[in-house]
Amino acid sequence: MRAMILAAGLGTRMGALSQLCAKPALPVLGRPVIAWLLEFLAHQGVAEAAINLHHLPTSIENAVDRFAPDGLAIVYSHETSPLGTGGGIAAMAEFLAQEEPALVLAGDMILDCDLRALAARHRESGADCSLVLQRRSPRNREFGTIGIDAGGSLRRIADRFDLGGETDSGVFVGLRIISPGLLGQRPDLPAGTAFEDLSDWWAPHAEAGSADIRGLLLDESDLDWQPVGTPGEYLAANLAPPRVSFLADADPAAPGTRILGENADLVLGAGAELGPGARLRRSVVWEGEEIPADFVGEGGVFAGGNFYFCEEGRAHGNPRAKQPGDDSNRG
């Protein structure tokens, strides 16, 4: 199987952290998000993967150089301007169409499921595109849902597209399984046009009467999915990472990363140092950072010499360093 990881977004939902590195390069327990995805793909039998790049591309390329598993060939698609999910896939249509079927994943999540079984279900259904959905997800309200009919065909996308006839629904987890034939049926748009696959590619097919854009529903027990798209999600991924089947080492933390604190709620990257009297809770410290003496931080990330609040009620995603002795910033 061939796969593509969508990694060219600007990362605006991540706030200031996305100015330090692209979202797929953000470290979760010391491993960049994209490293988790590449390990997952390799474990599931994927031999070749494409990654599209735009925002801070070197941060992703460095992460791949350091962490990509042996035997997984990587090709890049450099976008001079962001093409959106649909445009990014279309730009790599020839690469993806070489295998049946192709897998396309969002680059801002950690995922674990049985890709081989899902690909088999896709083939058996005869679908052009299968969207992997989580049934009764705790994130229904936050992400919105996709509705399907009794045969699994797409009928609704959140509140922006509805054909009626829906009998079930789930949250889209960012994994698409696409047959080569559909990759040649791109929207009638000029080359290089930015567009989204859900709204601008798959929905028009369904609206034209196609029953071959489908949803594959999975229960939580069959799918581990941790989105890493916002500061809050990023902090949660570090403090309560999903249990995955694809890491050879039982410890998901990268070498040199330490988990500290009475409640194991401090992730200290390789080579990072805590100054005397420094106190951090529910926090992540990036690799090589030096925390000043008596620094106090809670609910955020120390990166690039600053502390970034990540939890609700904080300066969400904006830098606001807690200076030593500054009690007004505590809590």
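Colleague: Can you tell me about the packing of aromatic side chains, naming the residues and giving the values?
Modeller: Counting across every chain of the model gives seven aromatic pairs. Note on F40 and F246: the rings are 5.7 Å apart at their centroids and 50 degrees apart in plane angle, and the pair reads as tilted. Highlighted residues: F40 in helix 1 (residues 33-43) and F246 in the loop between helix 9 (231-239) and strand 15 (258-260), separated in sequence by 206 residues. Here F40 and F246 have matching classes, each one buried. Their ring planes at 80 degrees and their centres at 5.3 Å tell us that F307 and F309 sit as a pair that is edge-to-face. For F307, a relative accessible area of 0% corresponds to the buried category.

Colleague: I'd like a rundown of the pattern of salt bridges, residues and numbers included.
Modeller: Applying the stated rule across the entire model yields eleven salt bridges. A salt bridge links D108 to R13; the shortest N-O distance between them is 3.6 Å. Linking D108 in the loop between strand 6 (102-106) and strand 7 (109-112) with R13 in the loop between strand 1 (2-6) and strand 2 (27-28), this pair joins segments that are 95 residues apart in sequence. Accessibility expressed as a relative area gives 18% for D108, which makes it buried. Within this structure, R135, R136, D168 and D219 form a network of salt bridges that share partners.

Colleague: How would you sum up the nonpolar core? Please name residues and give values.
Modeller: Ranked by internal contacts, the top residues of the largest apolar core, which has 59 residues, are L105, L111 and Y234. Top element by residues in this core is helix 1. It accounts for seven residues. L105 has contacts with A3, M4, I5, L6, L37, F40, L41, L111, G174, L175 and R176, leaving out every residue within four places of it along the chain. Listed in part, the 31 residues of the second largest apolar core include A50, A102, I178 and W202.

Colleague: So what about the pairing of strand 6? Which residues, and what values?
Modeller: Where burial is concerned, most of strand 6 is hidden: five out of the five residues are buried. Covered by surrounding structure in strand 6 are A102, V104 and A106 together with L103 and L105, the residues of both alternating faces. With five bridges joining them, strand 1 and strand 6 adopt parallel strand pairing. Each residue of the ladder has a partner; that of R2, found in strand 6, is A102. Relative to strand 12 (residues 168-178), strand 6 is paired through four bridges, and the arrangement is antiparallel. Directly across from L105, in strand 12, lies its bridge partner L175.

Reading guide: rules and limits
Residues numbered from 1 in each chain as written. Predicted model: local features only at pLDDT ≥ 70, side-chain atom pairs only at ≥ 80, totals over all residues. Heavy atoms only, no water. Phe/Tyr/Trp six-rings, centres within 6.5 Å; stacked < 30°, edge-to-face > 60°. Helix = DSSP H or I, 4+ residues; strand = E, 2+ residues; numbered from the N terminus. Buried < 20%, exposed > 50% of the residue type's maximum accessible area, 1.4 Å probe, protein only. Salt bridge = Lys/Arg side-chain N within 4 Å of Asp/Glu carboxyl O. Core = buried A, V, L, I, M, F, W, Y, C linked by side-chain atoms within 4.5 Å. Contact = heavy atoms within 4.5 Å. Pairing = 2+ DSSP bridges.

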